Amino acid sequence: MAIRLGDIAPDFTADTTEGTISFHDYLGDSWGILFSHPKDFTPVCTTELGAFSAAKPEFDKRNTKLLGLSVDSVESHEGWKGDIAETQGTALNFPLIADEDRKVAELYDMIHPNELETLTVRSVFIVGPDKKVKLTLTYPASTGRNVDEVLRVLDSLQLTAGFSVSTPVNWTDGDDVIIAPAISDEDATTKFPKGFTTLKPYLRLTPQPNK
Ligand code: BEZ
């Protein structure tokens, strides 16, 4: 069955470019992003792994560990790493699972046979420190992901985990946020001391509370 938001992210042990990893142990108390790449030595994946590696300091700032997956061997991954560094200007700096037997791909339903018969699509699973799945994204092989969007949703997930707010359309870190409708105006006054603007009783905006 498909993995749903709020499910415990299935645990697994897998060989990676940084040795054998048990997923939950690897995450520890951090947030995590597990994301699949259809195959080694493919063009879009090469650009993605370079871009995620370049952005690793941003993920570190957000206490978030990256874990990639591709259905080839560790030896193949090691050869591909050279190409990633050479063409993208950044060396791979997080572990890449060698999922030759598709064990993890199947556990996470990353193979969508009507899109690609035996390779994974571009799945993204964001997992919280409680090991629950907070967000899933699925892209076809032909469309590379957007690192800024992954960071943006991570900012929203981390913010809304700590405050009774949600983030509006096209929100980015630092923009005003929406006060949860369940919070009364009276409670909102104490919870959000920077004040709030009421556009409708159900649509109240307040400055981002953790800034
Ligand atoms: C790519 O990364 O470019 C790619 C991988 C598998 C199928 C199609 C494209």
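Residues numbered from 1 in each chain as written. Predicted model: local features only at pLDDT ≥ 70, side-chain atom pairs only at ≥ 80, totals over all residues. Heavy atoms only, no water.

J.: Please explain the site of the ligand as it appears in this structure.
T.: Close contacts around the ligand come from P38, T42, P43, V44, C45, R122 and A141, and that covers them all. In this structure, V44 approaches the ligand through a main-chain N or O atom, which is 2.8 Å from an oxygen atom. Contact distances for the ligand include 3.0 Å between an oxygen atom and a backbone N or O atom of C45. Taking 270 Å² as the accessible area of the ligand by itself, protein coverage stands at 77%. Among the residues making up the shell around the ligand, the classes are represented as five nonpolar, one polar and one charged. (Near = heavy atom within 4 Å. Polar contact = N/O pair within 3.5 Å; in protein donor to acceptor, adjacent residues only side chain to side chain. Areas by Shrake-Rupley, 256 points an atom, 1.4 Å probe, with all protein chains shown as cover. Nonpolar A, V, L, I, M, F, W, Y, C, P; charged D, E, K, R; others polar.)

J.: I'm lost on helix α4 (residues 74–88) in this one. Help?
T.: Note on helix geometry: an α-helix contains 3.6 residues per turn, so any two residues three or four positions apart are oriented the same way. Taking 1.5 Å of rise per residue, the 15 residues of α4 would be expected to cover 21 Å, and the 20 Å separating its terminal C-alpha atoms lies within 8% of that figure. Taken together, the buried positions of α4 are S76, H77, W80 and I84. As for α4, its buried residues are in contact with α2 (43–54), β4 (64–70) and β5 (96–98). Directly beyond the C-terminal end of α4, a positive phi value near 75° is found at G89. (Helix = DSSP H or I, 4+ residues; strand = E, 2+ residues; numbered from the N terminus. Expected span 1.5 Å × (residues − 1). Buried < 20%, exposed > 50% of the residue type's maximum accessible area, 1.4 Å probe, protein only. Contact = heavy atoms within 4.5 Å.)

J.: What am I meant to see in the environment of Q88 here?
T.: By the element assignment, Q88 lies in helix α4. Q88 sits in the partly exposed class, given a relative accessible area of 30%. For the pair Q88 and A51, spaced 37 residues apart in sequence, the C-alpha separation works out to 7.5 Å. Beyond its immediate chain neighbours, meaning those up to four positions away, Q88 contacts T46, T47, G50 and D83.

J.: Looking at this model, I keep getting lost on the packing of aromatic side chains. Mind explaining?
T.: How two aromatic rings sit relative to each other is set out by the distance from centre to centre and by the angle between their planes. Tallied over the entire structure, the rule returns eight aromatic pairs. Summarising the aromatic geometry, the rings of F52 and F59 are spaced 5.9 Å apart at their centres and angled 25° between planes, so their arrangement reads as stacked. The same class applies to F52 as to F59, namely buried. Pairing Y108 with F125 gives two aromatic rings, centres 4.9 Å apart and planes at 70°, and the pair type is edge-to-face. One end of the pair, Y108, is in the loop between α5 (103–107) and β6 (122–127); the other, F125, is in strand β6, and 17 residues separate them in sequence. By the burial criterion, Y108 is buried, and F125 matches it. Taken together, the aromatic side chains of F12, F23, Y108 and F125 make up a single cluster linked through ring pairs. Taking the ring centre of F196 as reference, the NZ or CZ of R204 above it sits at 5.9 Å. (Phe/Tyr/Trp six-rings, centres within 6.5 Å; stacked < 30°, edge-to-face > 60°. Lys NZ or Arg CZ within 6 Å of the ring centre and 35° of its normal.)

J.: Would you mind showing me how to read the domain arrangement of the protein chain here?
T.: Note: interface size is frequently given as the accessible area lost on complex formation between the parts. Annotation of the protein chain at the domain level lists domain 1 (13–145) and domain 2 (163–206). The straight-line distance from the C-alpha centre of domain 1 to that of domain 2 is 35 Å. (Domains from an automatic or database assignment.)

J.: Help me understand the pattern of salt bridges, please; the structure alone is not making it clear to me.
T.: Taken as a whole and assessed by the stated rule, the structure comprises 12 salt bridges. With a shortest N-O distance of 2.9 Å, E48 and R122 are connected by a salt bridge. Of this pair, E48 sits in helix α2 while R122 is found in strand β6, placing the two residues 74 residues apart along the sequence. Take E48: its relative accessible area is 3%, and that puts it in the buried class. One salt bridge in this structure joins R204 and D185, with 2.8 Å as the shortest N-O distance. One end of the pair, R204, is in strand β11 (residues 203–206); the other, D185, is in helix α7 (residues 185–191), with 19 residues separating them in the sequence. One network of salt bridges, with partners in common, ties together E58, K61, R62 and D155. (Salt bridge = Lys/Arg side-chain N within 4 Å of Asp/Glu carboxyl O.)

J.: Hey, could you run me through the environment of G28 in this one?
T.: Relative to the assigned elements, G28 resides in the loop between α1 (23–27) and β3 (31–37). Spatially, the C-alpha atoms of G28 and A55 are 21 Å apart, while their sequence positions differ by 27 residues. Among residues more than four places away in sequence, those in contact with G28 are P129 and K131.

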